[in-house]
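Here is how the chains run, residue by residue.
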Amino acid sequence: MRRLTLSISEPLAGRQVRTLLRRELGLSAAGVRRAKDQPDGILLDGQPVFTNVFVQPGQVLSVAVGDVNGSDQIAPVPGPLALCYEDEDLLIVNKPGDLAVHPSLGHHGDTLANFLMAHYEAQHLTAAFHPVNRLDRGTSGLMAVAKHAHAHELLQRQLQTGQFSRTYLAVCEGVPVPRRGCVDAPIGRQPDSILKREVHPDGAAARTHYEVVRTGPGRSLVRLALETGRTHQIRVHMAYLGCPLAGDFLYGQELPELRQRFALHSASIRLLQPITGEEIALTSPLPAELNALLNQ
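None of these values were measured; they are calculated from a predicted model.

What counts and how
Residues numbered from 1 in each chain as written. Predicted model: local features only at pLDDT ≥ 70, side-chain atom pairs only at ≥ 80, totals over all residues. Heavy atoms only, no water. Helix = DSSP H or I, 4+ residues; strand = E, 2+ residues; numbered from the N terminus. Core = buried A, V, L, I, M, F, W, Y, C linked by side-chain atoms within 4.5 Å. Buried < 20%, exposed > 50% of the residue type's maximum accessible area, 1.4 Å probe, protein only. Contact = heavy atoms within 4.5 Å. 1 Å grid on protein atoms, 1.4 Å probe; cavity = no way out; pocket = protein on both sides within 12 Å on 5 of 7 lines; lining within 4 Å. Points joined across faces, edges and corners; volume = space filled by probe spheres on them. Nonpolar A, V, L, I, M, F, W, Y, C, P; charged D, E, K, R; others polar. Salt bridge = Lys/Arg side-chain N within 4 Å of Asp/Glu carboxyl O. Patch = residues over 30% accessible without salt bridge, like charges linked within 9 Å, V, L, I, M, F, W, Y side chains within 5 Å. Areas by Shrake-Rupley, 256 points an atom, 1.4 Å probe, with all protein chains shown as cover. Lys, Arg positive; Asp, Glu negative; His and termini not counted. Charge placed at Lys NZ, Arg CZ, Asp CG, Glu CD. Expected span 1.5 Å × (residues − 1).

A. Structural context of the environment of glycine 229. Looking at the element boundaries, glycine 229 is found in the loop between β14 (219-226) and α5 (233-240). Linking glycine 229 and proline 287, residues 58 residues apart in sequence, is a C-alpha distance of 23 Å.

B. Quick peek at the nonpolar core. Residues Phe129, Met143, Leu224, Ile234 and Leu245 are the most contacted members of the largest nonpolar core, which totals 32 residues. The set of elements that each furnish at least two residues to this core consists of β6 (90-95), α3 (112-122), β8 (139-146), β9 (165-173), β13 (207-216), β14 and α5. Broken down by element, this core gets its largest block of residues, six residues, from α3. With sequence-adjacent residues up to four places away left out, leucine 245 is seen in contact with Ala170, Val171, Cys172, Ile234, Arg235, Met238, Phe262, Ala263 and Leu264. Counting 18 residues, the second-largest nonpolar core is a separate cluster that includes Ile42, Val49, Val55 and Val65.

C. Structural context of the layout of surface pockets. In this structure, the largest pocket encloses a volume near 640 Å³. When residues of the lining of the largest pocket are traced back to their parent elements, those giving at least two are α4 (149-161), β9, β14 and α5. Residues of the lining of the largest pocket, tallied by class, amount to nine nonpolar, 11 polar and six charged. In terms of lining residues, the second largest pocket is bounded by 14 residues, among which Arg137, Gly138, Arg235, Phe249 and Phe262 are the most central. Of the residues belonging to the lining of the second largest pocket, the class tally is five nonpolar, four polar and five charged.

D. Here's a closer look at the pattern of salt bridges. The tally for this structure, following the rule as stated, stands at 14 salt bridges. Across the pair arginine 15 and glutamate 24 runs a salt bridge whose closest N-O atoms are separated by 3.3 Å. Arginine 261 is the salt-bridge partner of glutamate 289, the closest N and O atoms lying 3.3 Å from each other. Taken together, the positions of glutamate 289 in helix α6 (residues 288-291) and arginine 261 in the loop between α5 and β15 (264-272) put the pair 28 residues apart, joining distant regions of the chain. Taking relative accessible area as the criterion, glutamate 289 reaches 38% and is therefore assigned partly exposed. Through salt bridges with shared partners, a single network forms among Arg2, Glu88 and Asp89.

E. Quick peek at a positive patch on the surface. Together, Arg18, Arg22, Arg33, Lys36 and Arg157 give the surface a local cluster of positive charge. Position of arginine 18 among the secondary structure elements: in helix α1 (residues 17-23). Owing to a relative accessible area of 37%, arginine 18 belongs among the partly exposed residues under this scheme.

F. View of unusual backbone geometry. A cis amide bond, omega -5 degrees, links valine 177 with the succeeding residue proline 178. Within the element layout of this structure, proline 178 appears in the loop between β9 and β10 (180-184). Although it is not a glycine, histidine 232 adopts a positive phi angle of roughly 60 degrees. Position of histidine 232 among the secondary structure elements: in the loop between β14 and α5. Histidine 232 sits in the buried class, given a relative accessible area of 8%.

G. Spotlight on α4. Helix length check: α4 (13 residues) gives 19 Å between terminal C-alpha atoms against 18 Å at 1.5 Å per residue, within 8%. Looking at the buried side of α4, the elements it contacts are β1 (3-7), α2 (29-36), β6, β7 (130-131), β8 and β15. In the segment just after α4, glycine 162 is the residue with positive phi, at about 90 degrees.

Listed below in structure tokens is the structure:
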């Protein structure tokens, strides 16, 4: 069980436990409730304590933030995992483009979630599946997963404030005009589809920054950064510019050389470790099968 501790210094003395949990340790209201539901969830000098207790100098406050239960609906199935980073609170995996993230119809034991549950089981770790930046099946690259709900909440806050930044690389059909810009176009669900999205004036605000990195015969390599995180945002916005992603079966045209994927890659992630605040920055090169599309 992951626990956080706080030594009570003079400036913190006289405050209530609930205040320290929220302001000093960063727990949400839901996180405090989760800790209160555990017999040893909140301890002061090793003893269970109510959240309305006032603390004294020299005492040590401890709170459990780890998951009590795993994801019961996701079976642990051993499988390949390209782990780029791992600590007590999160991991970052380099996901293949043909790997689904969640179990779904036709994918019950061959997903990233299944493989991670098996990884946790091998570590004797109780943890649910907490993906932070979600990647479509068909998208490869870096993806962060929190190991407990508290870390997930903190990383989600970073996504909303821009402290968690992501850069993507895409091989597009054609070359966007202009070669650098921002697509500021709202996205909504297509009325006749449960899956497909479209640019629509009544949709949710969506902004994608893009820049052409290089070109090949009839195609371009584009670097993209998101201000918002709408479903299929990059795919919809590049199709809106007339340059759909190569191999995108939904917004462009499938390519036989891209097996069960399209040409989108999560190339870099920069975030703050949710507990320590240390910066974590990772990059992943463009996969060979995507790079080859620019040389055909």
